[in-house]
Amino acid sequence: MHISEGILSAPVLISGAVAAAGGVAIGLKKTENEKIPEVGVLSAAFFVGSLIHVPLGPTSVHLILNGLVGLLLGWAAFPAILVGLVFQAILFQFGGLTTLGVNTVTMALPAVIGYYLFGPAVRSESEKTALVGAFLCGSFGVLGAAILVAFALFWTGQSFLEVGKMVVYAHVPVMVIEGLLALFCVAFLRKVKPELLEVKR
Amino acid sequence: MMDPRVKILVTLGFSVVLAVADRPVVLGMGMAFAIFLVFLARLNLRQVMTRLLVVNTFVAFLWIFLPFTFPGPALFSFWGLQITRQGIAACVQITVKSNAIVLASMALLSTSTVFGLVHGLHHLKVPDKLVHLFFFSFRYIHVIHMEYHKIINAMKARGFEPDTSLRTYKSYAYLIGTLFLKSSERSKRIYQAMVCRGFDGTFWVFQHFAFRKRDLFALVFMGLFILFLAFMQWGSVR
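The structure presented is a predicted model; accordingly, all values stated were derived computationally and were not measured.

**Looking at helix H4 (residues 77-92) of chain A**
All names here are of chain A. Taking 1.5 Å per residue, 16 residues should reach 22 Å; H4 reaches 21 Å between its end C-alpha atoms and fits that length. Counting buried residues in H4 gives 14 out of 16 residues, a clear majority hidden from the surface. Positive phi appears at Gln 93, one or two residues downstream of H4, with a value of about 60°.

In structure tokens form, the structure reads like this:
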């Protein structure tokens with residue numbers, strides 16, 4: 001989910017860049033040197049994951065996966081998402097350099113909030129609690145991102161209110177899909193590699 | 001090859017000025033400059049068009065709403081909806097801005113290798129950890145993409161046909177879970193292999209770049225043009 005260049009106003013772009021820089025700094029600080037390869041390779045995996053289109057009725061939607069990024073990486077979601085966005089900007093011209101900050105925040109902030117809100121549930125011993133937490137975390141990632149995009153548009157100009165609302169409504173089906181995906185993915189990882197999620201035993 | 005640092009700085013400067021500019025003259029000159037760069041870079045025009053099409057989908061989305069929601073005198077109206085002059089003007093402005101910025105960054109950035117650009121970031125004093133993250137991530141995107149194809153082909157060979165069903169989403173979720181798992185394990189092997197070879201936190205690169213005379217020329221020429229645009233936008237002479 002990105003906002004293209006040339007739409008947002010200067011105060012929004014600057015605030016986004018400052019907030020993103022702060023988040024990335026915290027994320028890097030919390031990542032030890034030995035962990036950098038893991039975060040790097042996982043960012044690559046998320047990048048590939050976000051290229052996957054899943055069918056939805058007559059159309060298809062591409063995955064965002066920021067809820068899962070948050071679950072697996074915590075604060076490191078900020079640098080990981082920044083890296084992915086930079087590659088998308090350079091390789092496909094999605095998003096761009098000036099909107100990098102705003103786009104990083106809109107996707108990474110819900111990821112980190114999801115990590116704190118639903119992380120404990122996902123790591124709990126009870127399978128049921130974990131799955132409910134995972135569904136909510138996946139949906140929350142998309143919901144949060146859509147709301148932040150709408151907010152960035154609205155802050156640029158009140159005329160963007162309708163567009164912003166549409167962005168949120170249009171993402172409701174994506175929320176359901178991402179929630180289900182996170183649920184099944186967590187169920188899978190709890191079975192085959194609980195260490196990845198740091199599940200309690 | 002142009003020094004990647006020059007490319008990064010010029011792209012950044014141009015994007016920032018154009019993103020916040022609003023005077024038609026400035027936007028027009030920016031667009032002309034971007035098109036000039038595209039021809040200078042001898043990009044494949046068909047490829048450029050395909051990219052622009054993708055970029056303009058979000059812009060097209062705005063064209064559906066903005067003309068109706070911008071306040072101002074109505075240009076014309078139908079079904080009780082009013083299209084305002086300001087709304088149309090805002091749409092045109094956004095369209096020109098985003099296309100000009102995309103064209104310029106295509107001409108400047110996509111003509112360098114990603115490794116070259118990331119190396120340039122290092123020399124522009126971007127923190128080491130972030131630069132390393134870029135290196136690792138880019139190095140393994142292709143590998144993991146191959147992994148993805150291997151799994152999806154195996155699924156298709158077993159009769160997997162994606163549709164709107166819980167089963168499909170479950171299959172994709174397991175596919176993504178497998179990708180994470182393999183990536184995490186691969187990263188541990190990579191790190192161990194690096195430590196075995198004496199990794200001490202320094203990244204050594206094969207290809208180096210130098211700041212040459214023509215880089216200086218390019219930086220000065222494009223830098224002055226960007227300053228000129230900024231002056232036309234915010235300068236005192238109006």
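**So, the domain arrangement of chain B**
Residue and element names in this part refer to chain B. Domain assignment breaks chain B into domain 1 (4-112 + 209-234) and domain 2 (120-196). Once you take the C-alpha centre of each, domain 1 and domain 2 turn out to be 33 Å apart. Listed by partner, the interface residues are four residues for domain 1 and four residues for domain 2. Looking at the side of domain 1 facing domain 2, the largest losses of area belong to Arg 5, Ile 8 and Phe 209, adding up to 83% of the total buried there. Connecting domain 1 to domain 2 are zero residue pairs in polar contact (both at pLDDT 80 or more).

**Observations regarding helix H3 (residues 66-73) of chain A**
Counting buried positions over the eight residues of H3(A) gives eight, a clear majority of the element. Inspection of H3(A) places Asn66(A), Gly67(A), Leu68(A), Val69(A), Gly70(A), Leu71(A), Leu72(A) and Leu73(A) among the buried residues, and these make up the whole buried set. Buried residues belonging to H3(A) abut helix H2 (36-49), H4, helix H5 (100-123), helix H6 (127-156) and helix H8 (172-192) of chain A together with helix H7 (166-196) of chain B. Just beyond H3(A), the residue with positive phi is Gly74(A), at close to 60°.

**As for the interface of chain B and chain A**
It is common to give the size of an interface as the accessible area lost on bringing the parts into contact. Of the residues lining the interface, 64 residues belong to chain B; the matching set on chain A comes to 69 residues. Across the chain B to chain A interface the summed buried area is about 6,000 Å²; carbon plus sulfur atoms make up 82%. Looking only at chain B, the three residues that lose the most surface to chain A are Lys129(B), Tyr169(B) and Phe180(B), adding up to 13% of its buried area. For Lys193(A), the salt bridge identified is with Glu185(B), shortest N-O distance 3.2 Å. On inspection of chain B and its partner chain A, the count reaches four residue pairs in polar contact (both at pLDDT 80 or more). Contributing elements (two or more residues each) for the side of chain B that touches chain A: helix H1 (4-20), helix H3 (45-69), helix H4 (85-109), helix H5 (114-123), helix H6 (128-157) and H7 of chain B. Looking at the side of chain B that touches chain A, the element that brings in the most residues is H7(B), giving 21 residues. Here the residues of the side of chain B that touches chain A are counted per class, giving 42 nonpolar, 15 polar and seven charged.

Procedures and definitions
Residues numbered from 1 in each chain as written. Chains lettered and ligands numbered in written order. Predicted model: local features only at pLDDT ≥ 70, side-chain atom pairs only at ≥ 80, totals over all residues. Heavy atoms only, no water. Helix = DSSP H or I, 4+ residues; strand = E, 2+ residues; numbered from the N terminus. Expected span 1.5 Å × (residues − 1). Buried < 20%, exposed > 50% of the residue type's maximum accessible area, 1.4 Å probe, protein only. Domains from an automatic or database assignment. Contact = heavy atoms within 4.5 Å. Buried area = accessible area lost by both parts, 1.4 Å probe. Polar contact = N/O pair within 3.5 Å; in protein donor to acceptor, adjacent residues only side chain to side chain. Salt bridge = Lys/Arg side-chain N within 4 Å of Asp/Glu carboxyl O. Nonpolar A, V, L, I, M, F, W, Y, C, P; charged D, E, K, R; others polar.

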